[in-house]
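Coordinate analysis (summary)
One letter stands for each residue in the lines below.
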Amino acid sequence: MEIISQLLPFIFLIAIMYFIIIRPQQQQAKKHKEMVENLKKGDKIVTSGGLIAEVKKVEETFFTVTLADNVTVKLTKDAVARKYEDEA
């Protein structure tokens, strides 16, 4: 019984860490992954470098995106920060 009472604060701290830090990060990562998987041709994105681009082609691990007229580049899916929503 004494061992349980000594371990209880540690178990409580681990539970708090899980619900405050680990679980929200996992949910955010899952939400971001779903967003990247649902991108399609014509969607506008913001890269982790801050560039706004339009998706032209979706590949397995890359996007072919257009940054400006006649500027087309390949972008890894990991470099997508978020979907760009026009504020109109």
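Our subject is the structure that appears above.
Residues numbered from 1 in each chain as written. Predicted model: local features only at pLDDT ≥ 70, side-chain atom pairs only at ≥ 80, totals over all residues. Heavy atoms only, no water.

Details of the side chain of Thr47
Definition in use: Secondary structure elements follow DSSP: runs of H or I of four or more residues count as helices, runs of E of two or more count as strands, with numbering from the N terminus. Using a 1.4 Å probe on the protein chains alone, a residue whose accessible area is under 20% of its type maximum counts as buried, one over 50% counts as exposed, and one in between counts as partly exposed. Residues are treated as being in contact if the distance between any of their heavy atoms lies within 4.5 Å.
For Thr47, the position within the fold is in strand S1 (residues 44-47). Among the residues examined, Thr47 registers a relative accessible area of 8% and is labelled buried. Thr47 has contacts with Leu75, Ala79 and Ala81, leaving out every residue within four places of it along the chain.

Quick notes on the nonpolar core
Note the following rule: The set of buried Ala, Val, Leu, Ile, Met, Phe, Trp, Tyr and Cys residues whose side-chain atoms join them within 4.5 Å is what this entry labels a nonpolar core.
With ten residues, the main nonpolar core is built from Val36, Leu39, Ile45, Ala53, Val55, Phe63, Val65, Leu75, Ala79 and Val80. When contributions to this core are tallied by element, the ones reaching two or more residues are strand S2 (52-58) and strand S3 (62-68). Sequence-distant contacts of Ala53, defined by excluding residues within four places in its chain, comprise Asp43, Lys44, Ile45, Val65, Thr66 and Leu67.

Details of the sheet that holds strand S5 (residues 80-83)
Note the following rule: In this scheme, strands are said to pair when DSSP sees at least two bridges between them. Fitted lines through C-alpha atoms serve as axes, helices being fitted only where they are in contact, and the angles separating the N-to-C directions of these axes extend from 0 to 180 degrees.
Ordered in space as S4-S3-S2-S1-S5, the five strands form an open sheet in which the pairing is antiparallel. Two strands close off the open sheet at either side, each with one partner strand: strand S4 (71-76) and S5. The average angle at which neighbouring strand axes cross in this sheet is 45°, direction not considered. As paired elements, S3 and S4 share six bridges and run antiparallel to each other.

Quick notes on helix H1 (residues 2-37)
Our working definition: A helix is expected to span 1.5 Å multiplied by its residue count minus one. The angle separating two fitted axes, one through the seven residues that finish at a residue and one through the seven that start at it, defines the bend at that residue.
The end-to-end C-alpha separation of H1 is 51 Å, in line with the 52 Å expected for 36 residues at 1.5 Å each. Of all the bends in H1, the greatest, near 40°, is centred on Tyr18.

A short note on the environment of Ile11
Checked against the element boundaries, Ile11 lands in helix H1. Judged by its relative accessible area of 53%, Ile11 falls in the exposed class.

Concerning the side chain of Thr66
One can find Thr66 in strand S3. Not counting residues within four places of it along the chain, the set of residues in contact with Thr66 comprises Ala53, Glu54, Lys56, Val71 and Thr72.

Overview of the packing of aromatic side chains
Rule in force here: Put simply, two rings from Phe, Tyr or Trp (the six-membered ring, in Trp's case) pair if the centres are within 6.5 Å, and we call them stacked under 30 degrees between planes, edge-to-face over 60, tilted for the rest. Sitting over a ring, as applied to charges here, requires NZ of Lys or CZ of Arg to be within 6 Å of the ring centre and within 35 degrees of the ring normal.
Evaluated as defined, the whole model comprises one aromatic pair. With a centroid separation of 5.1 Å and an interplanar angle of 80°, the aromatic rings of Tyr18 and Phe19 are classed as edge-to-face. The class of Tyr18 is partly exposed, set by a relative accessible area of 33%. Classification of Phe19 by relative accessible area gives exposed; the value is 53%. A cation sits over an aromatic face here: Lys74 above Phe62, 5.5 Å from the ring centre. Of note, Lys77 hangs over the ring of Phe63, and the distance from its end group to the ring centre comes to 5.3 Å.

Geometry only, nothing functional implied.
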